[in-house]
Amino acid sequence: MLDPYTCIVKKNRKYASECTEVHLANHGADSLSKNFDHFGNLEVVWLQGNQLSRVENLQGNFRIREIYLQNNRLVSLAGLRTFKFLKVLLASGNQLRNLDKQLGLLSRFAFLQKLDLFDNPVSEEPDYRLRLIYQLPQVEILDQHSVKVKERLKADEVVPNLDKVSAVKVGRPKPKDHGFSVLERQCIRTAMEIRQKRRKEEEALLSRSIRVAPEVLPPDCKVFKWNRERWSDPRPTPWEKMELRSFIEKKCEKKQLNKEDVQALAKELSEKGLEEFGRFLKSHEIFEGNPWEETSQDTSALGMSLRLHNEKSGQAEVQVHPLESLRQDPEATMPAAAVSNLLLQLEWPRYDDDFLEKRIAELYDDLRRADFQGDKEAVVKYRTQALRLEGAKSLKEHVELNRKETGKVTEKGRFDVFPQTVIRSKRQIDESTGRIVLKVGMDLRSTSMGTIRRGVA
């Protein structure tokens, strides 16, 4: 009797539970000890060169991955049924018979990669190798020879035809003639077609989503709506004006600005903008026309009514250009603080997403170059600017600035249907390796949890 305790130094349960490999080869024993139950973590077992006729007392060792049973007297491999993770099975030189029976057992081992069954009566059966290759596509080495792609293709062609030829034809009993007339048979056929049509309609009805009318959509949140209106307003908020004023004054090299200086400042603010706030001046042509006239007008209903009444009565007020003194005299000057206050009364739209993404990418490129050169101050500067622009971009999404109010009918999933997923396996040839593999496909089904009412036309 083969006892696994002979393979460990200290014969106790602790060492037995930690043992992963036992060597019990060439002992001439004809049975296995029940002490294998104490070795629950066994992975490799060497039992070749004995006189075993069956593999017993290994039902609890389901973690075994490799087992060597060469040159025994085995007539059955049923004792290996619980080895779910078996990868190597070497059982040459035994008395195994009945290939169909062995295939039914070996097909349970999904991870089996190496198999030896030569020098067994089963290996002398017709088309032994082709049948094993076809029924066990996971095996890579069979009887000490690797499985070739040509063998797999040949097995796919030969074995199915062998099964058709060797299959015993079972005579089916003739259907009983119930004596239906031609009209009765036609009625039965029509009833079957109606049942199939209803089944298809029911399946389509179960997969259909519920349509929700636009008037029952949840109302827009007041906070988001208010934030969206303020964020989409091209005019800066009072807090932004306070911060923008200091940045504009820093860009002015002089405290007193003439017409040329104001024009250059407006052009710079329009083309480059202020990235710290994500805004830019809408137009730099501030001396052409009067852009302040539109921003200073009262857009309320009362203001528009009064303005229309004054125009009809000939009392319309003519607004003077705020920079009229500079327009008349190019040498005249104006304080930089006054110019910044006037510019902040114009429209300062925000950058669009395309510009922000492009500018953020440029800043990160500059950051990497500065980091490569070891300029830490520049790294901090570029990182701060890039993070500011990313914050401006993400804040637009946070306040739902890009939200589109559509009146379309929305759809929701059904709550009275239980969806089911059926997994189906299919044998295919892997294009990269040429091996036959099992690929899994998903098939969806729906089951109603209640009664479906059909409308009557």
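Under an unreviewed UniProt entry, the name given to the protein chain is U2 small nuclear ribonucleoprotein A, and the organism recorded is Cladocopium goreaui.

Another point: the overall build of the protein chain. Within the protein chain, the regular secondary structure consists of 14 helices and 13 strands. Here the protein chain holds 457 residues, and the buried ones make up 29% of them. Restricting the contact set of the protein chain to residue pairs at least 6 apart, pairs at least 24 apart contribute 55%. As displayed, the protein chain has an accessible area near 31,000 Å², and 51% of this comes from carbon and sulfur atoms.

The next thing to look at is the side chain of Ser33. Within the element layout of this structure, Ser33 appears in the loop between strand S1 (21-23) and strand S2 (44-46). On the accessibility criterion, Ser33 (6% relative accessible area) is buried. Polar side-chain contacts of Ser33 include one of 3.1 Å to the backbone nitrogen of Asn35. Every residue in contact with Ser33, bar those within four places of it in the chain, is listed here: Met1, Leu2, Asp3, Pro4 and Asn57.

Bringing the state of the cysteines into the picture now. Counted under the stated rule, the structure contains 0 disulfides. The thiol of Cys19 is not disulfide-bonded; the next cysteine sulfur, from Cys7, is found 6.9 Å away.

Ile67, Leu69 and Leu89 are the most contacted members of the largest nonpolar core, which has 48 residues in total. The set of elements that each furnish at least two residues to this core consists of helix H2 (99-106), helix H3 (128-135) and helix H4 (149-166). Per-element tally for this core: the top contributor is H3, with 5 residues. Not counting the four nearest positions on each side in its chain, Leu89 is found in contact with Ile67, Leu69, Leu77, Leu80, Leu106, Leu112, Lys114, Leu115 and Asp116. Core analysis: the second largest hydrophobic core is formed by 25 residues, Cys252, Leu257, Leu326 and Trp348 among them.

Strand order in the open sheet formed by 7 strands is S1-S2-S3-S4-S5-S6-S7, and the pairing between neighbours is mixed. Looking at which strands have only one partner, the edges of the open sheet turn out to be S1 and strand S7 (145-146). As judged from the 3 bridges shared by strand S4 (residues 88-90) and strand S5 (residues 114-116), these two strands associate in the parallel manner. Its bridge partner being in S5, Val88 is matched across the sheet by Lys114.

When charged atoms on two side chains of opposite charge get close, those side chains can pair. Tallying each qualifying case throughout the model produces 7 salt bridges. The residue Arg129 makes a salt bridge to Glu151 at a minimum N-O spacing of 3.0 Å. Highlighted residues: Arg129 in helix H3 and Glu151 in helix H4, separated in sequence by 22 residues. One salt bridge connects Asp366 with Arg369, and the closest N-O pair in it is separated by 2.3 Å. Of this pair, Asp366 and Arg369 are both found in helix H13 (residues 353-373), 3 residues apart, which corresponds to roughly one turn of the helix. The exposure class assigned to Asp366 is partly exposed, which follows from its relative accessible area of 21%. For Arg369, a relative accessible area of 48% corresponds to the partly exposed category.

Once that is clear, we can look at a positive patch on the surface. A surface patch of positive charge is lined by Arg54, Arg81, Lys101 and Arg108. For Arg81, the position within the fold is in the loop between strand S3 (66-68) and S4. Relative accessible area serves as the criterion here: at 42%, Arg81 is assigned to the partly exposed category.

What follows concerns a nonpolar patch on the surface. Side chains of Phe62, Phe85 and Phe111 sit close together on the surface and give an oily, nonpolar patch of about 280 Å² of accessible area. Considering the arrangement of structural elements, one finds Phe85 in the loop between S3 and S4.

Bringing the packing of helix H7 (residues 238-251) against helix H12 (residues 336-343) into the picture now. Close contact between H7 and H12 brings their axes to 9 Å; oriented N to C, the two are set at 130°. Between H7 and H12, the angle falls in the class oblique. Where H7 crosses over H12, the two elements pack in a sense that is right-handed. Contacts between H7 and H12 involve Arg245, Ile248 and Glu249 from the former and Ala337, Ser340 and Asn341 from the latter. Here the residues of the contact of H7 with H12 are counted per class, giving 2 nonpolar, 2 polar and 2 charged.

For the coordinates displayed, the defined rule picks out 5 aromatic pairs. Judged by centre distance (4.0 Å) and plane angle (10°), the rings of Trp46 and Tyr68 are stacked. Of the two residues, Trp46 sits in strand S2 while Tyr68 sits in strand S3, which places them 22 residues apart along the sequence. On the accessibility criterion, Trp46 (23% relative accessible area) is partly exposed. Judged by its relative accessible area of 11%, Tyr68 is buried. A connected cluster of aromatic rings, assembled from ring pairs, spans Phe280, Tyr351 and Phe355. Between the NZ or CZ atom of Lys250 and the centre of the ring of Phe247, over which it lies, the distance is 5.4 Å.

Note on helix geometry: an α-helix contains 3.6 residues per turn, so any two residues three or four positions apart are oriented the same way. Those residues of H2 lying buried are Leu99, Gln102, Leu103, Leu105 and Leu106. In an axial view of H2, the angular spread of the buried residues amounts to 160°, which keeps them on one side of the axis. On the buried face of H2, the contacting elements are S4, S5 and H3.

This part covers the confidence of the model for the protein chain. Averaged over every residue, the pLDDT of the protein chain is 78; the share at 70 or more is 76%. For the protein chain, per-element mean pLDDT is lowest for strand S8 (residues 210-212), which scores 54, and highest for S3, which scores 94.

Analysis parameters
Residues numbered from 1 in each chain as written. Predicted model: local features only at pLDDT ≥ 70, side-chain atom pairs only at ≥ 80, totals over all residues. Heavy atoms only, no water. Helix = DSSP H or I, 4+ residues; strand = E, 2+ residues; numbered from the N terminus. Buried < 20%, exposed > 50% of the residue type's maximum accessible area, 1.4 Å probe, protein only. Contact = heavy atoms within 4.5 Å. Areas by Shrake-Rupley, 256 points an atom, 1.4 Å probe, with all protein chains shown as cover. Polar contact = N/O pair within 3.5 Å; in protein donor to acceptor, adjacent residues only side chain to side chain. Disulfide = S-S within 2.5 Å. Core = buried A, V, L, I, M, F, W, Y, C linked by side-chain atoms within 4.5 Å. Pairing = 2+ DSSP bridges. Salt bridge = Lys/Arg side-chain N within 4 Å of Asp/Glu carboxyl O. Patch = residues over 30% accessible without salt bridge, like charges linked within 9 Å, V, L, I, M, F, W, Y side chains within 5 Å. Lys, Arg positive; Asp, Glu negative; His and termini not counted. Charge placed at Lys NZ, Arg CZ, Asp CG, Glu CD. Axes fitted to C-alpha atoms, helices over the stretch in contact; angles between N-to-C directions. Parallel < 35°, antiparallel > 145°, perpendicular 65-115°, else oblique. Left-handed = near helix turned anticlockwise from the far one by under 90°. Nonpolar A, V, L, I, M, F, W, Y, C, P; charged D, E, K, R; others polar. Phe/Tyr/Trp six-rings, centres within 6.5 Å; stacked < 30°, edge-to-face > 60°. Lys NZ or Arg CZ within 6 Å of the ring centre and 35° of its normal. Arc of directions from axis to C-beta. pLDDT = per-residue confidence, 0-100.

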